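What follows is the residue order along each chain.
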Amino acid sequence: MKKYLILLSVILIFMGCQAYPDFQSDRAYQYLIKQTEFGPRVPNSNEIELCREFIIQTLEENGAEILTQEFEVTISDSLYEGINIIGRFYPRQPRRILLAAHYDTRPWADKDSNSENHNLPISGANDAASGVAVLLEIANLLNEQQPPEYGIDLVFFDLEDMGSYGSDDNWCHGSRYFANNFPIKKPEKAILLDMVADKDLNIEIERFSYHDSPALVNEVWDIAEDLGIENFKRKIGLPIYDDHVPLLEIGINIIDIIDFDYPYWHTIEDTYDKCSAESLGSVGKVITKLVYQK
Ligand SMILES: [Zn+2]
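Bear in mind that the values here come from a model prediction, so they are computed numbers and not experimental data. (Residues numbered from 1 in each chain as written. Predicted model: local features only at pLDDT ≥ 70, side-chain atom pairs only at ≥ 80, totals over all residues.)

Visitor: Before we move on, can you summarise the overall build of the protein chain with the specific residues and values?
Guide: Looking only at helices and strands, the protein chain has nine helices and eight strands in total. Over its C-alpha atoms the protein chain spans a radius of gyration of 19 Å, differing by no more than 12% from the 19 Å that the globule rule assigns to 294 residues. Its C-alpha atoms put the protein chain at 75 × 40 × 35 Å along the principal axes. Considering the protein chain as a whole, with its 294 residues, one finds that 47% of them fall into the buried category. (Helix = DSSP H or I, 4+ residues; strand = E, 2+ residues; numbered from the N terminus. Rg over C-alpha atoms; globule rule 2.2 N^0.38 Å. Buried ≥ 20, exposed ≤ 12 C-beta atoms within 10 Å, placed from the backbone.)

Structure representation (structure tokens):
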């Protein structure tokens, strides 16, 4: 009996030591699948509107204060409506962490090996839904658990994926609008998540992030190492023009967590079966610890 009491005490002490909640990987994966079930979330579509409603509803259910930013851009003579969504937790807390992802999906599968598919929209399971899924699960944790030391802003960018290859011009409209019209208090730390659900997840250090925010890169990669999460590789990878760049340009301490080595990128095969709950969990657990650590 005494043996069991000692074991129980050890378990309780161990549980008490974990000062941050468990990221629920399966719930995050369900959020990913749910987005793909709306269909492709391309700009100006009914499907992207359904996705917006889903994001806002999930944030509201978890107690966030919602802000939206509406803007318009013209791309190749077509007018597109964009809406950034911001879910604020503990809005009066002065110290803040910002977590971001884009939620729009590319209207053209123009990297598909079959050229007949190049004008079809992608499902965008990894390229869009994955980052949103992690953020929505973080919203659950913020609702269910004791508040962290930081206030958290979850930011969902629109109109990221409309660009032309080889030019920076028509990518990342939502984050550019956000950076130029910063609607909230500036964060101490910010993380962008993009393409984080590949079953074969290998996250190298994105080069712009390392150049401008090396301390935050080290902090995040150290957390991954402490947790024994081996998907984070200590290797400087490619520079990727993503939603973090407009924020870096205005001096925000932000890094991009992205696995750009994904064979289904911008193809009709970017579907939920290429993604996994485990991969979402690897990233989600690292972000949860960043949010909750003292
Ligand atoms: Zn994309």
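Visitor: Any chance you could break down unusual backbone geometry for me, citing the residues and the numbers?
Guide: Of note in this structure, Leu-159 is not a glycine but carries a positive phi near 55°. Considering the arrangement of structural elements, one finds Leu-159 in the loop between β4 (151–157) and α5 (173–180). Classification of Leu-159 as buried rests on a count of 28 C-beta atoms within 10 Å.

Visitor: Describe the nonpolar core, listing the residues and the values that go with them.
Guide: A general tendency of soluble globular proteins is for nonpolar side chains to be buried together. Judged by nonpolar contacts, the single largest core of 78 residues is most densely connected at Leu-32, Leu-99, Val-132, Ala-133, Val-134, Ile-138 and Leu-280. At twelve residues, helix α4 (residues 125–144) tops the list of elements feeding residues into this core. Not counting the four nearest positions on each side in its chain, Leu-32 is found in contact with Ala-125, Ala-129, Ser-130, Ala-133, Ala-197, Tyr-272, Cys-275 and Leu-280. (Core = buried A, V, L, I, M, F, W, Y, C linked by C-beta atoms within 7 Å. Contact = placed C-beta atoms within 7 Å.)

Visitor: Mind laying out the sheet that holds β4, listing which residues take part and the relevant values?
Guide: If you walk across this open sheet you meet the six strands as β1-β2-β4-β3-β5-β8, and the pairing is mixed. Only two strands of the sheet have a single partner each, and these edge strands are β1 (65–75) and β8 (254–258). Averaged over all adjacent pairs, the angle separating strand axes in this sheet is 20°, with direction ignored. Contacting β1, β2 (78–89) and β4, helix α3 (residues 46–61) runs over the sheet at an angle of about 10° to β2. Here α4 sits on the sheet in contact with β2, β3 (96–102), β4 and β5 (189–194), set at roughly 145° to β3. (Pairing = 2+ DSSP bridges. Axes fitted to C-alpha atoms, helices over the stretch in contact; angles between N-to-C directions.)

Visitor: Let's hear about the environment of Thr-36: which residues, and what values?
Guide: Tracing the backbone shows Thr-36 in helix α2 (residues 25–37). On a C-alpha basis, the gap between Thr-36 and Gly-124 in space is 7.0 Å, while along the polypeptide they are 88 residues apart. Every residue in contact with Thr-36, bar those within four places of it in the chain, is listed here: Ser-123, Ala-125, Ala-129, Thr-271 and Tyr-272.

Visitor: Pulling in residues and values, what's your account of the packing of α4 against helix α9 (residues 277–292)?
Guide: Two elements in contact, α4 and α9, have axes whose closest approach is 10 Å; the angle formed by their N-to-C orientations is 45°. With respect to α9, the element α4 is oriented oblique. Where α4 crosses over α9, the handedness of that crossing is right-handed. Along the contact surface, α4 presents Ser-130, Ala-133, Val-134, Glu-137, Ile-138 and Leu-141, while α9 presents Leu-280, Val-283, Gly-284, Ile-287, Thr-288 and Val-291. Looking at the contact of α4 with α9, its residues break down into eight nonpolar, three polar and one charged. (Parallel < 35°, antiparallel > 145°, perpendicular 65-115°, else oblique. Left-handed = near helix turned anticlockwise from the far one by under 90°. Nonpolar A, V, L, I, M, F, W, Y, C, P; charged D, E, K, R; others polar.)

Visitor: Tell me about α3, residues and numbers included.
Guide: Under the 1.5 Å per step criterion, the end-to-end length of α3 is 22 Å for 16 residues, consistent within 8% with the ideal 22 Å. Taken as a whole, α3 has its buried residues at Ile-48, Cys-51, Ile-55, Thr-58 and Leu-59. All buried residues of α3 lie within an arc of 100° about the axis, which places them on one face of the element. When the buried face of α3 is taken as reference, the exposed residues oriented beyond 90 degrees from it are Asn-46, Glu-53, Gln-57 and Glu-61. Among the structural elements, α2, β1, β2, α4 and β4 are those in contact with the buried residues of α3. Gly-63 lies just past α3 and shows a positive phi near 90°. (Expected span 1.5 Å × (residues − 1). Arc of directions from axis to C-beta.)

Read these as spatial facts, not as claims about activity.
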